[in-house]
Amino acid sequence: MTETKWLVDESVIRDFSAANNEPEWLLNARLDAFNKAEDLPLPKPDKTKIDKWNFTQFGAHNVNSTPYASIADLPEKAKVVVGEENTAQNVYVQRNGVPSILNLSAELKEAGVIFTDFATAVKEHSDLVQKYFMTQVVKADEHKLTALHAALVNGGVFLYVPKNVEIKEPVQAVFIQDDKNAAIFNHVIVVAEANSSVTYVENYISTVETEQGVANIITEVIAGDNARVSYGAVDTLAENITVYVNRRGVTAPHAHIEWSLGSMNDGNIVSENVTNLIGDGSYADTKMVVVGSGKQSMNFTTKVVHFGKHTEGYILKHGVMKDEAKAIFNGIGKIEHGASKSNAEQESRILMLSEKARGDANPILLIDEDDVTAGHAASVGRVDPLQLYYLMSRGITKQEAERLVIHGFLAPVVNKLPIENVKKQLKGIIEGKVRQ
Amino acid sequence: MSQSTLTVKDLHVSIDGKEILKGVNLEIKGGEFHAVMGPNGTGKSTLSSAIMGHPKYEVTQGTITLDGEDVLEMEVDERARAGLFLGMQYPSEITGVTNAEFLRSAVNARREEGDEISLMKFIRQMDSNMDILEMDQDMAQRYLNEGFSGGEKKRNEILQLMTIKPKIAILDEIDSGLDIDALKVVSQGINQMRDENFGCLIITHYQRLLDYITPDHVHVMMQGRVVKSGGPELAHRLEAEGYDWIKQELGIEDETVQ
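Conventions used here
- Residues numbered from 1 in each chain as written.
- Chains lettered and ligands numbered in written order.
- Predicted model: local features only at pLDDT ≥ 70, side-chain atom pairs only at ≥ 80, totals over all residues.
- Heavy atoms only, no water.
- Helix = DSSP H or I, 4+ residues; strand = E, 2+ residues; numbered from the N terminus.
- Rg over C-alpha atoms; globule rule 2.2 N^0.38 Å.
- Buried < 20%, exposed > 50% of the residue type's maximum accessible area, 1.4 Å probe, protein only.
- Contact = heavy atoms within 4.5 Å.
- Areas by Shrake-Rupley, 256 points an atom, 1.4 Å probe, with all protein chains shown as cover.
- Lys, Arg positive; Asp, Glu negative; His and termini not counted.
- Charge placed at Lys NZ, Arg CZ, Asp CG, Glu CD.
- Buried area = accessible area lost by both parts, 1.4 Å probe.
- Salt bridge = Lys/Arg side-chain N within 4 Å of Asp/Glu carboxyl O.
- Polar contact = N/O pair within 3.5 Å; in protein donor to acceptor, adjacent residues only side chain to side chain.
- UniProt positions renumbered as here; feature names shortened; annotations may be inferred.
- Arc of directions from axis to C-beta.
- Pairing = 2+ DSSP bridges.
- Axes fitted to C-alpha atoms, helices over the stretch in contact; angles between N-to-C directions.
- Phe/Tyr/Trp six-rings, centres within 6.5 Å; stacked < 30°, edge-to-face > 60°.

Per an unreviewed UniProt entry, chain B goes by Fe-S cluster assembly ATPase SufC and derives from Domibacillus mangrovi.

For chain A, an unreviewed UniProt entry supplies the name Fe-S cluster assembly protein SufD and the organism Domibacillus mangrovi.

Put into structure tokens, the structure is as follows:
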């Protein structure tokens, strides 16, 4: 057993909880999780050894950042994703752990939509948050990292869409890390009640480099009967931040959850994205693009579990590995007994740009029911020298030729992303990461 | 712009250690159309690939120069920007990159940063070239060569030629896989390029392309060398009599590279 050196102890948690006037249930949940964290094992992502990774060492659990006064004051990288001040109607901006800007249109407020930072949510909507916070989608005691997360949550948002409310414009959260000491333990809950619909987009942005940092991010999406949730995320955290990110959803009958995920972090990553299709006729679609560079080691598990009948699950992941980057893509389609007439499809592809880059795509279908359809496609390969020759024979430089090939490789996913804003952002960010 | 000269001297080329070209000499000037003919397996395509810098071909002896500049010292993209172009027999397919996007990158690769071609101007040029080649307008937005028929790929090579306007172009079996109507259209595109600043080397083993594009010089390759050169009348004689008379004249039994 490796010894885990904790930078925090119970008193840090008690002080933080008291400073935020948290309800007692949350303090108890934190302490309970903290006590369990020490003994719980790390998760075991297939084919990546993470026991030497840093999930516990960071500058500080809580940094006192001054909130940004307005969107005009945001760092450039954040302004790009938020857009002009007058168009950013429903947006939350967090500086390190500190809530900075929160806009929610009067129309949505009137309709009963709740969109607020995590700390405010637990005070003002304690019962609602208690109902969903790590109770039914992700549990605190699954492993060491979920427990640590529950104990140390220090940011995030709560989005609640009442029955029959359809939100047309995307709701956006921007999490900025501009203090190298700041540890990120964000929790995001999206509840879409029956027949509602919402598009939520989040951005993770680092503006500073750090020697060692931690991001432990958990999302829980609860989609009610016939609800539609489109969830976009573009992650661009700095090099020495170890990222554990778990984005998970559950569906009631006929609910849809669509994930549009862009993993553009520069550090090591363990990513889990799971949709549990509980209700009959429910639907999950995950689209993900990844660009790896430097010495990044990354493990992405995307899983759709079919419990309900007539459920459909689609996974489409493309990744490009540069330099010495290494990525494992695990795609899991699981059809439980009784989930008849269900369909599980997945496609994973990795393109390696250099001799030292590594990729592995593991399509897994676990099927416990006869009357279903399923399919998978996976490929891992190096860039074709003849493609580069062809492009270069037209005068295009090698660097530009590679850029075109990468862009082309990711385009089949990027172009199909259901959220226009995420598509636009990702094109620019991919460009930047490829040129690094 | 003045006329360019591409000079190939005593060129020896190997692939995977096997020597394919065994001393080729050729000179192509702006304003001239040359045809290199010969049966299969005599080294014609190797010559074109070696000039462009295909990664699999190794030049073991001889020189290639463009206006006195050493082409062999240049990377593939530098050769292209210096004025060379190769219309390929088997163009690559590139998913996710549209034809228009690719062409614009090729045009801008020749322009300074900040002086990129305007989108409107580019589209106008592309549309008019596509009209000449009788290409569907939707080909501009399709992924580069992906799912193109053989004929569409060849037209697309000529579209690139017309867009890029190189000094010297090599067209490697641009006629293979084309029906007679497509052949006429493609020839029209190539003929339209004819002026004193444009030189062209047409590689073919059929005479029929030369019914539409009249070469100034005709060369016959066998056994990895140019064994006979002449004017357009040489192509006509090859059409009428085949290659056997040359073999007899030169005492060649097997014309392919050994």
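Undergrad: Would you explain the overall build of chain A in this entry?
TA: Of the regular secondary structure elements, chain A holds 10 helices and 19 strands. Taken over the C-alpha trace, chain A has a radius of gyration of 21 Å; the compact-globule value for 436 residues is 22 Å, and the two agree within 12%. For chain A, with 436 residues in total, the buried portion stands at 61%. Sequence-distant contacts in chain A: of pairs separated by 6 or more residues, those separated by 24 or more amount to 82%. As displayed, chain A offers around 16,700 Å² of accessible surface, 48% of which is attributable to carbon and sulfur atoms.

Undergrad: Help me understand the overall build of chain B in this model?
TA: Each helix and strand counted, chain B has 8 helices and 12 strands in total. In summary, chain B has a C-alpha radius of gyration of 18 Å against a globular reference of 18 Å for 258 residues, a match within 12%. Expressed along its principal axes, the backbone C-alpha trace of chain B runs to roughly 60 × 40 × 35 Å. Each of the 258 residues in chain B was classed as buried or not, and the buried ones make up 54%. As presented, chain B carries roughly 11,100 Å² of accessible surface, and 44% of it is formed by carbon and sulfur atoms. Distance from the positive charge centre (26 side chains) to the negative charge centre (44 side chains) of chain B: 1 Å.

Undergrad: Is there a simple way to explain the interface of chain B and chain A in this structure?
TA: When the parts of a complex come together, some accessible area is lost, and that lost area is often used as the size of the interface. If you look at the interface, chain B gives 32 residues, while chain A gives 20 residues. Between chain B and chain A, roughly 2,000 Å² of surface is buried when both sides are summed, and carbon and sulfur atoms account for 64% of that area. Between chain B and chain A we count 1 salt bridge in total. Arg 394 of chain A is the partner of Glu 157 of chain B in a salt bridge, and the nearest nitrogen-oxygen pair spans 2.6 Å. Viewed at the interface, chain A and chain B are joined by 11 residue pairs in polar contact (both at pLDDT 80 or more). Counting only elements with at least two residues in the side of chain B that touches chain A, the list comes to α1 (44-52), α2 (76-82), β6 (84-87), β7 (94-98), α3 (99-108), β8 (143-144) and α5 (150-164) of chain B.

Undergrad: Teacher, can you tell me more about the UniProt feature "domain: ABC transporter" (unreviewed entry) in chain B here?
TA: Following the UniProt record, the feature "domain: ABC transporter" (unreviewed entry) maps to residues 6-248 of chain B here. The span residues 6-248 of chain B shows a helical share of 34% and a strand share of 30%, and its end C-alpha atoms are spaced 31 Å apart.

Undergrad: How do you make sense of helix α7 (residues 232-241) of chain B when you look at a structure like this?
TA: Residue and element names in this part refer to chain B. Taken together, the buried positions of α7 are Leu 234, Ala 235 and Leu 238. Here the buried residues of α7 occupy an arc of 100 degrees about the axis, which is enough to place them on one side. With respect to the buried face of α7, the exposed residues turned more than 90 degrees away are Glu 233 and Ala 240. Those residues of α7 that are buried are in contact with β3 (33-37), β11 (217-222), β12 (225-230) and α8 (244-250). Downstream of α7 by one or two residues, Gly 242 has phi in the positive range, about 75 degrees.

Undergrad: Sorry if this is basic, but what is going on with the sheet that holds strand β3 (residues 114-117) of chain A here?
TA: Remark on secondary structure: sheet strands pair via backbone hydrogen bonds, oriented parallel or antiparallel. All names here are of chain A. Here 9 strands make up an open sheet; going across it, the order is β3-β4-β6-β8-β10-β12-β14-β16-β18 and the pairing mixed. Two strands bound the open sheet, and with one partner strand each, they are β3 and β18 (358-367). Ignoring strand direction, the axes of neighbouring strands in this sheet form an average angle of 5 degrees. Two elements, strand β8 (residues 213-223) and strand β10 (residues 241-251), share 11 bridges in a ladder whose sense is parallel. Along β10, the bridge assignment pairs Gly 213 with Ile 241. In the packing of helix α7 (residues 144-152) onto the sheet, the strands contacted are β6 (186-192), β8 and β10, and the crossing angle to β8 comes to about 90 degrees.

Undergrad: Explain the pattern of salt bridges to me, please; I cannot follow it from the model alone.
TA: Pairing is possible between side chains that carry opposite charge, provided their charged atoms lie close to one another. Residues and elements named next belong to chain A. By the definition in use, this model includes 31 salt bridges over all chains. Across the pair Arg 30 and Glu 22 runs a salt bridge, and its minimum N-O distance is 2.7 Å. The pair formed by Arg 30 and Glu 22 is uniform in burial state, with each residue classed as buried. The partner of Lys 334 in a salt bridge is Glu 336, and the shortest N-O contact between them spans 2.9 Å. In the salt-bridge network here, residues are joined through shared partners; they are Glu 142, Arg 248 and Glu 272.

Undergrad: Would you explain the UniProt feature "domain: SUF system FeS cluster assembly SufBD core" (unreviewed entry) in chain A in this entry?
TA: As annotated in UniProt, the feature "domain: SUF system FeS cluster assembly SufBD core" (unreviewed entry) corresponds to residues 175-409 of chain A in the numbering used here. With 9% helix and 59% strand, residues 175-409 of chain A has end C-alpha atoms that lie 29 Å from one another.

Undergrad: I keep staring at unusual backbone geometry and nothing clicks. Help me out?
TA: For residues besides glycine, phi is generally negative; the peptide bonds are generally trans as well. Although it is not a glycine, Asn 164 of chain A sits at a positive phi angle of roughly 65 degrees. Take Asn 164 of chain A: it is sitting in the loop between β4 (155-161) and β5 (171-177). The backbone of Lys 165 of chain B shows a phi angle near 50 degrees, a positive value even though the residue is not glycine. By secondary structure assignment, the location of Lys 165 of chain B is in the loop between α5 and β9 (168-172).

Undergrad: Sorry, what's going on with the UniProt feature "domain: SUF system FeS cluster assembly SufBD N-terminal" (unreviewed entry) in chain A here?
TA: UniProt records the feature "domain: SUF system FeS cluster assembly SufBD N-terminal" (unreviewed entry) at residues 96-172 of chain A, using the numbering of this structure. Regarding residues 96-172 of chain A, the helix share stands at 36% and the strand share at 25%, and the terminal C-alpha atoms are separated by 16 Å.

Undergrad: So what exactly am I meant to see when it comes to the pairing of β4 of chain A here?
TA: Each regular strand displays side chains that alternate between the two surfaces of the sheet. Residues and elements named next belong to chain A. Here β4 lies mainly inside the structure; 7 of its 7 residues are buried. Residues of β4 alternate between two faces, with Gly 155, Val 157, Leu 159 and Val 161 on one and Gly 156, Phe 158 and Tyr 160 on the opposite face, all of them buried. Of the pairings in the sheet, the one linking β4 to β6 comprises 7 bridges and is parallel in character. Note on β6: the bridge partner recorded for Phe 158 is Ile 189.

Undergrad: I would appreciate a short explanation of the side chain of Asn 99 of chain B in the present structure.
TA: Structurally, Asn 99 of chain B can be placed in helix α3. Within the structure, the side chain of Asn 99 of chain B is placed 3.3 Å from the backbone oxygen of Met 139 of chain B, a separation counted as a polar contact.

Undergrad: Explain the environment of Leu 148 of chain A to me, please; I cannot follow it from the model alone.
TA: Residue placement: Leu 148 of chain A occurs in helix α7. In sequence terms Leu 148 of chain A and Asp 32 of chain A are 116 residues apart; their C-alpha atoms lie 10 Å from each other.

Undergrad: Is there a simple way to explain the environment of Phe 33 of chain B in this structure?
TA: Residue and element names in this part refer to chain B. Summarising the element assignment, Phe 33 is placed in strand β3. The exposure class assigned to Phe 33 is buried, which follows from its relative accessible area of 0%. For Phe 33 and Met 222, which are 189 residues apart along the polypeptide, the C-alpha to C-alpha distance reads 20 Å.

Undergrad: Hey, could you run me through the environment of Leu 388 of chain A in this one?
TA: All names here are of chain A. Within the secondary structure, Leu 388 sits in helix α8 (residues 385-392). On a C-alpha basis, the gap between Leu 388 and Leu 404 in space is 9.3 Å, while along the polypeptide they are 16 residues apart. Setting aside residues up to four positions removed in sequence, Leu 388 forms contacts with Val 383, Lys 398, Ala 401, Glu 402 and Val 405.

Undergrad: Even after reading the chapter, I still don't get the packing of aromatic side chains, so can you show me in this structure?
TA: Aromatic ring pairs: the centre-centre distance and the angle between the two ring planes describe each pair. All names here are of chain A. Within the structure shown, the criterion is met by 12 aromatic pairs over all chains. Relative to Phe 329, the ring of Phe 300 lies with its centre 5.7 Å away and its plane at 90 degrees, an arrangement referred to as edge-to-face. Taken together, the positions of Phe 300 in strand β14 (residues 297-306) and Phe 329 in strand β16 (residues 326-335) put the pair 29 residues apart, joining distant regions of the chain. Each member of the pair, Phe 300 as well as Phe 329, carries the same accessibility label: buried. Taken together, Trp 25, Phe 118 and Phe 133 form an aromatic cluster joined through their ring pairs.

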